[in-house]
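Notes for the structure review
So you can see what is in the structure, the chains are spelled out below.
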Amino acid sequence: RAKSRGGHGHCLFSDSLAAEHQHRIDTEKALADAVERGEFRLVLQPQLSLVSGAVTGAEALLRWKHPLRGMVPPNQFISIAEQTGIISEIGEWVMAEVAAMLASWSETQEGPKRVAFNVSPRQLERQDFFPKLRQIFAEAGVGLDRIEIEITESTAMECSQATLAEMADIRRDGATIALDDFGTGYSNIARLRQLPLDRVKLDQSLIHDITTSEQARNVVQAVIQLVRGVDCELVAEAVETVAQADILRTMGCETIQGFVFAQPMLEQEFLAWTSHAVSEDRSAA
Ligand code: C2E
Ligand code: MG
Ligand code: MG
Ligand code: MG
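Quick caveat, the model's predicted, so the values are computed rather than measured.

To continue, consider the nonpolar core. Core analysis: the largest hydrophobic core is formed by 82 residues, its most contacted members being Phe-40, Phe-117, Leu-133, Phe-137 and Leu-248. Excluding anything up to four places from it in sequence, Phe-40 contacts Leu-31, Ala-34, Val-35, Leu-62, Arg-63, Trp-64, Phe-77, Ile-90 and Trp-93.

Tracing the backbone through its elements, the reader meets Gln-109 in the loop between helix H3 (87-108) and strand E4 (114-118). With a relative accessible area of 57%, Gln-109 lands in the exposed category. Within the structure, the side chain of Gln-109 is placed 3.3 Å from the backbone oxygen of Ser-106, a separation counted as a polar contact.

Moving on, we get to the coordination of the magnesium ion (ligand 3). Taken together, Asp-180 (OD), Asp-181 (OD), Glu-237 (OE) and Glu-237 (OE) make up the full set of protein donors to the magnesium ion (ligand 3), lying 2.0 to 2.4 Å away. Separating the magnesium ion (ligand 3) and the magnesium ion (ligand 2) is a distance of 4.2 Å, and Asp-180 donates to both of them. On the basis of relative accessibility, which here comes to 4%, the residue Asp-180 falls in the buried class.

A few words now on empty space enclosed by the protein. Counted by the stated rule, this structure contains two cavities of 30 Å³ or more. Here the largest cavity defines a volume of roughly 70 Å³. Forming the boundary of the largest cavity are Ser-88, Glu-92, Met-95, Gln-123, Arg-126, Asp-128, Phe-129 and Lys-132. Among the secondary structure elements, those contributing two or more residues to the lining of the largest cavity are H3 and helix H5 (129-139). Of the residues forming the lining of the largest cavity, the biggest block, three residues, is contributed by H3.

For the rest of this paragraph, the subject is the layout of surface pockets. Roughly 1000 Å³ of volume is contained in the largest pocket. Secondary structure elements with two or more residues in the lining of the largest pocket: strand E1 (40-49), strand E2 (55-66), helix H2 (78-84), H3, E4, helix H4 (121-124), strand E5 (147-152) and strand E6 (176-182). In terms of residue count, E2 provides more of the lining of the largest pocket than any other element does, five residues in total. Considered class by class, the residues forming the lining of the largest pocket number 18 nonpolar, 12 polar and nine charged.

Of the two faces of strand E7 (residues 199-202), the one lined by Arg-199 and Lys-201 and the one lined by Val-200 and Leu-202 are each fully buried. Where E6 lies against E7, three bridges are found, and the strand directions are parallel. The residue bridging Leu-179 from the neighbouring strand is Val-200, located in E7. Crossover connection from E6 via helix H8 (residues 189-194) to parallel E7: handedness right-handed. Taken together, the four bridges between E7 and strand E8 (residues 233-236) define a ladder with parallel strand orientation. Note that in E8 the partner of Lys-201 across the bridge is Val-235.

Conventions and cut-offs
Residues numbered from 1 in each chain as written. Chains lettered and ligands numbered in written order. Predicted model: local features only at pLDDT ≥ 70, side-chain atom pairs only at ≥ 80, totals over all residues. Heavy atoms only, no water. Core = buried A, V, L, I, M, F, W, Y, C linked by side-chain atoms within 4.5 Å. Buried < 20%, exposed > 50% of the residue type's maximum accessible area, 1.4 Å probe, protein only. Contact = heavy atoms within 4.5 Å. Helix = DSSP H or I, 4+ residues; strand = E, 2+ residues; numbered from the N terminus. Polar contact = N/O pair within 3.5 Å; in protein donor to acceptor, adjacent residues only side chain to side chain. Donors = N, O, S within 2.8 Å, 3.2 Å for Na, K, Ca; no water. 1 Å grid on protein atoms, 1.4 Å probe; cavity = no way out; pocket = protein on both sides within 12 Å on 5 of 7 lines; lining within 4 Å. Points joined across faces, edges and corners; volume = space filled by probe spheres on them. Nonpolar A, V, L, I, M, F, W, Y, C, P; charged D, E, K, R; others polar. Pairing = 2+ DSSP bridges. Right-handed = clockwise from strand over helix to strand, strands pointing away.

Written out as structure tokens, the structure reads:
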């Protein structure tokens, strides 16, 4: 009896593993053609200055419009795309799409000045990443002063000296660099000083409890101090309530992003939204 029960359990385990494995293979196959099929979309989430109340930029976030599964969020396919290497192709599509949007907004005088996009470690480590990025924005006639490159804390801690030099170069040419998901990786504080950075994005997990926990507030205050110390601006991610925003403002956080004032939106909805919001002077530096 025990044996058959064990056998049954084992069988269930294998079945779910097999199903997971199959799902993964299906996803890999579908991803391989998704760029060519035009199945990706970008949604844009505004960033708000707590100092001026103006929309100062936006982050572009990837969605996969799967024919059967609907809008698939990135955490369901980015890691698979990284493992198969298809992430480079997807990443190039993201940059081309951001470039095309910025170029069209220049003509219509719409949208914010700067758009941020996410770059995964696998993309960043490729030798042709920065040349490709420069080529895409140059061909679109979009200045690098209109983009922000987001790399995660853990990516930044591991990247090579050559990559750091490329990052410094692109910053000199006008792009800004943001350290994403700060507070989730293993930061080497000494190295933080050496990174060519403009902004640090506080991860959602750091700010989640700030309205209810004094300890959480103390931690955020200390992190803000640290980020100040390396001359970076602060962006708080995933701010969901006015109470959180108020505390962050009091603590000296410059910018927020989050559902409290806007969800990520497709381009047309985003432009309609920003046309009603206070915008930063487009001619300002
Ligand atoms: P991220 O770069 O840290 O992006 C912020 C995530 O927080 C987004 O999730 C956004 O929709 C979500 N968010 C924004 N406001 C709120 C809020 O108030 N509450 C909560 N709970 N969440 C909020 P999303 O779009 O699902 O993206 C997840 C992650 O996928 C991103 O985290 C980023 O690491 C990655 N990703 C997204 N687009 C790309 C891309 O084009 N390339 C690469 N390599 N990674 C991407
Ligand atoms: Mg990001
Ligand atoms: Mg983040
Ligand atoms: Mg994240």
